[in-house]
Amino acid sequence: MSNPTFPAPGETLSLSPIAYVESPYRQKFAIPRQPGLVKSARGVIHFTEAYAHPDCLRGIEDFSHLWLTFMFHETAAQGWKPLVRPPRLGGNQRKGVFATRSTFRPNPIGLSVVELLEVGDTTLVVAGLDLLHGTPILDIKPYLPYSDSIADARGGYADARPNTGMQVQFSAAAEAVLAQHTEQYPQLRALITEVLQQDPRPGYQREQNWQKEYGMHLYDFNIKWRVEDNLNQVISIS
Ligand code: SAM
């Protein structure tokens, strides 16, 4: 391409967040790998001062879904490599970075479609997100079904929704904690169930039935579970 204008190759471009996400996911481990897989994951988008104006949201309530463009802020400093091992392929095959949705990219920008549940004056409540708490949002656009939904699209090595066949059971102690928090966190049981159905263990551990204990943070809860064959047994929630 001749005569590129600003920004020229190698030149930097500055973007500033329009909003930040309040998400139940407090650590990277166990976040689903794509949006829409855990529908009970609800988040709140809080606009920064410059954009916290109802005018910026006028008409958005007419859309059921939104595209979020965001920064992979937690991994941005780790840079990128031309070849990536997608977890979907068990972590032992490499694909080109632009043939993946890896977080490690030349420009650490992510793209997720989420369901819009509620519109406040300066906030949006969304569902099905795959974003870490505190993720900076760079832009928001409505999802347009006539253009964005392509019925005969090919999905390469990720052609279908992953189905792990994993079941989830809660111990009596875990059930008791869920019961104490149903008012404040009505989605918690469904959220834990859907997250564990995704089987967040690293691919190489899925083949080994280790009886290892795993832990994750959702909201301010520390959730511990064990895996036996295709059963996740939630041991404790604290
Ligand atoms: N749907 C997005 C996309 O395609 O650009 C994200 C896909 S990426 C494979 C999803 C993973 O990004 C999640 O499982 C989580 O581990 C990670 N993630 C989410 N928010 C992040 C953040 N703010 N910084 C770094 N990693 C993040």
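Chains are numbered independently. Their residues run from 1 in the order of the written sequence. For a predicted model such as this one, the threshold for reporting local features is a pLDDT of at least 70, and the threshold for listing and counting side-chain atom pairs is 80 or more; totals across whole chains, interfaces and linings nevertheless cover every residue. Remark: hydrogens and water are excluded; side-chain values derive from all non-hydrogen atoms of the structure.

Q: What is the right way to look at the pairing of strand 1 (residues 19-22) in this model?
A: With burial as the criterion, only one face of strand 1 is covered, namely that bearing Ala-19 and Val-21; the residues Tyr-20 and Glu-22 on the opposite face remain uncovered. Any two strands with at least two DSSP-identified bridges between them are counted as paired. Strands here mean DSSP runs of E at least two residues long; helices mean DSSP runs of H or I at least four residues long; both are numbered from the N terminus. Across four bridges, the pairing between strand 1 and strand 2 (residues 42-47) is antiparallel. When the sheet's bridge partners are listed, Val-21 is paired in strand 2 with Ile-45. Note: strand 1 against strand 8 (residues 136-142), two bridges, orientation antiparallel. Note on strand 8: the bridge partner recorded for Ala-19 is Ile-137. To sort residues, take the accessible area from a 1.4 Å probe on protein chains only and compare it with the maximum for the residue type: under 20% means buried, over 50% means exposed, and anything in between is partly exposed.

Q: What is the right way to look at the pattern of salt bridges in this model?
A: Salt bridges, as used here, are contacts in which a Lys or Arg side-chain nitrogen is within 4 Å of a carboxyl oxygen on Asp or Glu. Under the defined criterion, the tally for this structure stands at five salt bridges. The closest approach of N and O atoms between Arg-189 and Glu-175, which form a salt bridge, is 2.5 Å. With Arg-189 in helix 3 (residues 188-197) and Glu-175 in helix 2 (residues 172-180), the pair connects residues that are 14 residues apart, well separated along the chain. A relative accessible area of 39% means that Arg-189 is categorised as partly exposed. We note a salt bridge from Asp-199 to Arg-201, for which the minimum N-O separation is 2.9 Å. Across this residue pair, the class does not change: Asp-199 and Arg-201 are buried.

Distances and angles like these do not, on their own, reveal function.
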